[in-house]
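Structure at a glance
Chain by chain, the residues:
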Amino acid sequence: MAGIREQKKAGTRKAIIESAIELFSTKGFEKTSIEDIAKRAGIGKATVYTYFAAKADIFMTYCDDELDVAFADLAKSEQYASCLLDELLEFFMIMFTFVTRNREFGRQLMRAMSFPKEVNNKVKEHDQRYFDYLEKIFRRAEQRGEIAPNQDLFVLSAHVFSLYFGVLAGWYGGYSETLDDAKEMLGTFFNQVIEGIS
């Protein structure tokens, strides 16, 4: 009996998240209400609140779920990465593809991460996962002798993340049109960083 109940709860959670992301993508985050999400999911408004305290929580839960999938994909490819540049490009292109696959959703995510309406610990935790992963990439590069020892890995992570964010903003601004354009631009920027820290 507990298994059926857990499946039903998981199905309801999934319906809430999918409905919210669809509405955020079509109506925009600000114009979507919890009531809209409940109606689209075919449940009551109170039920949404039993799963999520606010629509920002739904948004960040979706992002975290997607990040889990991306990190699982990256874990599979880690063993094949031969150098720092390859690892950085692999990591950021997975993120870039996720963020740009739905234009409005990606725009909302960028805004939530860059200019949050209020300080949100869930957003901070999400960001920290990026930085933790990047620090692992830089530690491996340090072990391979690709970067000088004793670098501040958080600063390096923030540096390359800001370059990624710039390329992402450029994509939304029409400065690059394809994934290949974005990858080439990231490669150029990351090479400049790597040559400066080797």
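To keep things clear, this report deals only with the structure shown in the data block. (Residues numbered from 1 in each chain as written. Predicted model: local features only at pLDDT ≥ 70, side-chain atom pairs only at ≥ 80, totals over all residues. Heavy atoms only, no water.)

1. Regarding the environment of Ala15
As a reminder of what qualifies: For the purposes of this entry, the term helix denotes a DSSP run of H or I that reaches at least four residues, the term strand denotes a run of E that reaches at least two, and both are numbered from the N terminus. Categorising residues by exposure relies on relative accessible area from a 1.4 Å probe, with only protein chains included: less than 20% of the type maximum marks a residue as buried, more than 50% marks it as exposed, and the intermediate range marks it as partly exposed.
Within the element layout of this structure, Ala15 appears in helix α1 (residues 2-27). Under the relative-accessibility criterion, Ala15 is labelled partly exposed at 24%. In this structure, the C-alpha to C-alpha distance between Ala15 and Arg40, residues 25 residues apart in sequence, is 8.6 Å.

2. Re the pattern of salt bridges
Spelled out, the test is: The term salt bridge refers to a pairing of a side-chain nitrogen on Lys or Arg with a carboxyl oxygen on Asp or Glu at a separation within 4 Å.
All chains considered together, the criterion is met by ten salt bridges. Note that Glu18 and Lys14 form a salt bridge whose closest N and O atoms lie 3.7 Å from each other. Taken as a pair, Glu18 and Lys14 lie in helix α1 at a separation of four residues, close to a single helical turn. Three or more residues are tied together by salt bridges with common partners; here these are Glu87, Arg140, Arg144 and Glu146.

3. Some words on the packing of helix α7 (residues 121-143) against helix α8 (residues 153-172)
Let me state the cut-off plainly: An axis is simply a line fitted to the C-alpha atoms; with a helix, the fit covers only the stretch in contact. Between two such axes, the angle follows the N-to-C directions and lies from 0 to 180 degrees. The scheme is simple: roughly parallel for angles under 35 degrees, roughly antiparallel for over 145, roughly perpendicular for 65 to 115, oblique for anything else. Should the near helix be turned anticlockwise from the far one by less than a right angle, the crossing is termed left-handed; should it be turned clockwise, right-handed. Should any heavy atoms of two residues lie within 4.5 Å, those residues are counted as being in contact. Under the scheme applied, nonpolar residues are Ala, Val, Leu, Ile, Met, Phe, Trp, Tyr, Cys and Pro; charged residues are Asp, Glu, Lys and Arg; polar residues are all the others, including Gly.
Between α7 and α8, the least distance of the axes is 9 Å, while the angle of their chain directions is 110 degrees. Considered as vectors, α7 and α8 are oriented roughly perpendicular to each other. Both α7 and α8 take part in a crossing whose hand is right-handed. Together, Tyr130, Phe131, Leu134, Glu135, Phe138 and Arg139 of α7 and Leu153, Phe154, Leu156, Ser157, Ala158, Val160 and Phe161 of α8 make up the contact between the two elements. Looking at the contact of α7 with α8 residue by residue, the classes come out as ten nonpolar, one polar and two charged.

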